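Read off the chains here:
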There are 2 protein chains.
Amino acid sequence: MIQFDKRAIRTLGIDTPIIQAPMAGGTTTPELVAAVSNAGGLGSIGAGYLSAEAIEETVAATRALTDKPFALNLFVPSEPAVDQDRIEQSNVRLDSFRQALAIDRPDPPVRFAPDFEAQFDAALAARVSVFSFTFGALTPEQVSRLKGVGSTVIGTATTVAEARALEAIDVDMIVAQGSEAGGHRGTFLHDWQDALIGTMALVPQVVDAVSIPVIASGGIMEGRGVAAAFMLGACAVQMGSAFLVCQESGANRTHQQALLEADAAHTQVTPVFSGKAARGIRNRFIDEMSMLGDRIPDYPIQNAWTKDVRAAAGAKGRAEFMSLWAGQAATLARRTTAAQLIADIRSHLDSF
Amino acid sequence: MIQFDKRAIRTLGIDTPIIQAPMAGGTTTPELVAAVSNAGGLGSIGAGYLSAEAIEETVAATRALTDKPFALNLFVPSEPAVDQDRIEQSNVRLDSFRQALAIDRPDPPVRFAPDFEAQFDAALAARVSVFSFTFGALTPEQVSRLKGVGSTVIGTATTVAEARALEAIDVDMIVAQGSEAGGHRGTFLHDWQDALIGTMALVPQVVDAVSIPVIASGGIMEGRGVAAAFMLGACAVQMGSAFLVCQESGANRTHQQALLEADAAHTQVTPVFSGKAARGIRNRFIDEMSMLGDRIPDYPIQNAWTKDVRAAAGAKGRAEFMSLWAGQAATLARRTTAAQLIADIRSHLDSF
């Protein structure tokens, strides 16, 4: 077995240092999360868009399928600027997509995102083994409360400065999210354009900057990437795209198929879907919405207003209007089970 | 010793699979190139801006210092669009820098870049052990002529498509240049924005796509990165920033000092210095020239017109007007000798 820093697997109580990334929006079904944890890794519920009630239900459904540890992940909120001009300009373009999808512009969202305090209280009440977060930093008090109920706390950093900020609020571990990663950027102290640091460069710098364990993410798909991450000093990896196409994944099939065929030169980091930068496969939605330049409404306003388009496109298999999150190594993904993916990686690591 | 694909070191006739990147513009002195090769790695003369005569002299000076193999690197030319409006708009902004530096706008350049055919003929005549190139693909005939004089031929790819194109012209090896890399992007089949693929994602995909050996570059600074690159399937690494600050380097001291302090979140890929995208430390030159948006003159026109500003700034230690090329892991660089850097990496690799 290849050598690596064992602190994370000991603290997390897992056999294999592989964390299934908390992909919000229906991908991380209880079946996927439990399959990862049952296979010795750490499954993660992407709960950023779930209500407090849905969090309670999803944790219960997952616990019915596994008695192993798993993580729950939330999005740390920030206050968006409500700019009606931007919202209307975005909607004018969205209307052309709605027309193509034969849907009407919906009424304005009652709220743009679930209530974070209620989500957080649900996470505390659920006493999850691991609580991870992204898009910002919790308060030291929130970290302390999570530890008080027995949760290990993991934050997400995209730069050395963010990693230091997270260590300062006393998280247990840090996910270093490289620029290769699919889906939303965790960046919170910089403009997203300034925080696209490749995994190869980011991980050793974060490892040197903090004393707590570092989890590598971004572009890691299989045994080679996991072994490379260990060489950089990571104690575990977090993988999204590779699990998104597993059989237990709840991701839309059109999305899964697009990811399996995704050329890295056709992925792009863009804020057009949600108002927050995220990496996905370039399509008509990105190309046409990008004409708004920097006038995309803030997260989570844009996320709420594009939801109907993305949902209708997903239901109809219209990839050109979907958010097709994918990392830069997506072509290395294979259609398999979560258990087989983890077994294949273990086998590769054991070969050293 | 850690296990890795030995094809490259056997073909190149070197002991240690470390290639010093061919940094053009005076960094790769005969002293640096020879020190790297004498230490068991492969030094590279960055000859992109050298005349045929200077190539002949530099090769001779290097051969006076080492009898080991080294590489010579050229820039494959492309035809720039000469747009006088763009050139004038760029010069108006450059004039403000010239004023700050107390220099006058020079006469228009007689030529924008050295004659490539003459450079190529000089490389052939020099019968260098290794000929590497970037910014494009040679013709199959050029590759064949190089092989005819005994040179191993290495091309540079930033995407899988570029790697396949290089294999098709029968190069011996490919440098896979990840988005972390400092200096110029080798991209030639895509817009540069579409070809910023992290090393962790790029290397295994290129390894899977071609049958020839792959050299990893981008964000690799020391033993950890080299070991990680081997795990991804690379047969060697190419390192720029780490050698740029070595004692034998000809890089400007102000540049070296800036690199040693470069936060990855403060580097940026930009075409403003040369007309071709390159990663450097953000400064006033980048911020003010970026206001021209996509109206920067093409490479090598912009390169020729900014030369006086960069040279004067370098002479006066004015970092805000210099091209401060740096990779995203530059803070891992240490002021040392090339031989010590290579010995430290070997020691790390031997520890496995």
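Computed from a prediction, not measured in an experiment: that's the story for all the values here. (Residues numbered from 1 in each chain as written. Chains lettered and ligands numbered in written order. Predicted model: local features only at pLDDT ≥ 70, side-chain atom pairs only at ≥ 80, totals over all residues. Heavy atoms only, no water.)

Caption draft 1: Quick peek at the relation of the copies chain A and chain B. With an RMSD of 0.0 Å, the fit of chain A onto chain B corresponds to turning through 180 degrees and sliding 0.0 Å along the axis. Interpreted geometrically, this transformation is the action of a two-fold axis. Relative to the rotation axis, the closest C-alpha in chain A is found at Ala 228 of chain A, a distance of 2.0 Å. When you check the interface residues of chain A against chain B, 100% turn up at the interface there too, and the contact is symmetric in its surfaces. (Least-squares fit on C-alpha atoms with pLDDT ≥ 70 in both. Contact = heavy atoms within 4.5 Å.)

Caption draft 2: Structural detail: empty space enclosed by the protein. Residue and element names in this part refer to chain A. By the definition in use, this model includes three cavities of 30 Å³ or more. In this model, the largest cavity occupies a volume close to 40 Å³. Residue lining of the largest cavity: Ile 19, Leu 42, Ser 44, Ala 71, Val 130, Ser 132, Ile 154 and Gln 238, and that is the complete set. Among the residues making up the lining of the largest cavity, the classes are represented as five nonpolar, three polar and no charged. (1 Å grid on protein atoms, 1.4 Å probe; cavity = no way out; pocket = protein on both sides within 12 Å on 5 of 7 lines; lining within 4 Å. Points joined across faces, edges and corners; volume = space filled by probe spheres on them. Nonpolar A, V, L, I, M, F, W, Y, C, P; charged D, E, K, R; others polar.)

Caption draft 3: The sheet that holds strand S7 (residues 183-184) of chain A, seen in detail. All names here are of chain A. If you walk across this open sheet you meet the three strands as S7-S11-S10, and the pairing is antiparallel. Strand pairing shows two members of the sheet lacking a second neighbour, S7 and strand S10 (267-270), which therefore form its edges. Across four bridges, S10 lies against strand S11 (residues 278-281) in antiparallel orientation. In the sheet register, Thr 270 faces S11, and the bridge partner there is Ala 278. (Pairing = 2+ DSSP bridges. Helix = DSSP H or I, 4+ residues; strand = E, 2+ residues; numbered from the N terminus.)

Caption draft 4: Quick peek at the packing of aromatic side chains. Considering all chains together, one arrives at 22 aromatic pairs over all chains under this definition. Ring geometry for Phe 116 of chain B and Phe 120 of chain B: centres 6.0 Å apart, planes at 35 degrees, overall tilted. Placement of both Phe 116 of chain B and Phe 120 of chain B in helix H5 (residues 116-126) is noted, with a separation of four residues, approximately one turn of the helix. Summarising the burial analysis for this pair, Phe 116 of chain B and Phe 120 of chain B share the class buried. Residues Phe 273 of chain B and Trp 325 of chain B carry aromatic rings whose centres are separated by 5.3 Å and whose planes lie at 85 degrees to one another, so their mutual orientation is edge-to-face. Of the two residues, Phe 273 of chain B sits in the loop between strand S10 (267-270) and strand S11 (278-281) while Trp 325 of chain B sits in the loop between helix H13 (301-316) and helix H14 (338-350), which places them 52 residues apart along the sequence. Like Phe 273 of chain B, the residue Trp 325 of chain B is buried in the burial classification. In textbook terms, an aromatic cluster arises when at least three aromatic residues are bridged by ring pairs, as seen for Phe 97, Phe 273, Phe 285, Phe 321 and Trp 325 of chain A. (Phe/Tyr/Trp six-rings, centres within 6.5 Å; stacked < 30°, edge-to-face > 60°. Buried < 20%, exposed > 50% of the residue type's maximum accessible area, 1.4 Å probe, protein only.)

Caption draft 5: Fine view of the pattern of salt bridges. Per the counting criterion, the structure on display carries 30 salt bridges over all chains. Where Arg 7 of chain A meets Asp 5 of chain A, a salt bridge forms, and the shortest distance between an N and an O atom there is 2.8 Å. Classification of Arg 7 of chain A by relative accessible area gives partly exposed; the value is 36%. Under the relative-accessibility criterion, Asp 5 of chain A is labelled partly exposed at 24%. Asp 194 of chain A serves as the salt-bridge partner of Arg 282 of chain B, at 3.7 Å between the closest nitrogen and oxygen. With one member in each of two chains, Arg 282 of chain B in the loop between S11 and helix H12 (284-289) and Asp 194 of chain A in the loop between S7 and helix H8 (199-209) form a pair that bridges those chains. Salt bridges sharing partners connect three or more residues here, namely Glu 88, Asp 95, Arg 98, Arg 105 and Asp 308 of chain A. (Salt bridge = Lys/Arg side-chain N within 4 Å of Asp/Glu carboxyl O.)

Caption draft 6: Fine view of the side chain of Ser 274 of chain A. All names here are of chain A. Looking at where Ser 274 falls in the secondary structure, it is placed in the loop between S10 and S11. Judged by its relative accessible area of 0%, Ser 274 is buried. Of note is the side chain of Ser 274, whose polar atom sits 3.1 Å from the backbone nitrogen of Lys 276. When neighbours within four sequence positions are excluded, Ser 274 is seen to be in contact with His 184, Asp 298, Tyr 299, Pro 300, Gln 302 and Asn 303. (Polar contact = N/O pair within 3.5 Å; in protein donor to acceptor, adjacent residues only side chain to side chain.)

Caption draft 7: Highlighting the pairing of strand S9 (residues 236-239) of chain A. All names here are of chain A. Of the two faces of S9, the one lined by Ala 236 and Gln 238 and the one lined by Val 237 and Met 239 are each fully buried. Where strand S1 (residues 18-20) meets S9, three bridges bridge the pair, whose relative direction is parallel. Across the sheet, Ile 19 pairs through a bridge with Gln 238, a residue of S9. As judged from the three bridges shared by strand S8 (residues 214-217) and S9, these two strands associate in the parallel manner. Paired with Ala 216 across the bridge in S9 is Val 237. Following the backbone out of S8, through helix H9 (residues 223-231) and into the adjacent parallel S9, one traces a crossover that is right-handed. (Right-handed = clockwise from strand over helix to strand, strands pointing away.)

Caption draft 8: A look at the confidence of the model for chain A. Here chain A averages 97 in pLDDT, and 100% of its residues register 70 or above. The ipTM value of the predicted complex is 0.98, and its pTM value is 0.98. (pLDDT = per-residue confidence, 0-100.)

Caption draft 9: Spotlight on the sheet that holds strand S6 (residues 173-177) of chain B. Residue and element names in this part refer to chain B. Reading across the sheet, the eight strands line up as S1-S9-S8-S6-S5-S4-S3-S2 and stay open at both edges, with parallel pairing between neighbours. A single partner strand is all that each edge strand has here, and the edge strands are strand S1 (18-20) and strand S2 (43-46). Geometrically, the sheet is characterised by an average inter-axis angle of 25 degrees between neighbouring strands, direction not taken into account. Running over the sheet, helix H2 (residues 30-38) touches S1, S2 and strand S3 (70-75) and is turned about 160 degrees from S2. (Axes fitted to C-alpha atoms, helices over the stretch in contact; angles between N-to-C directions.)

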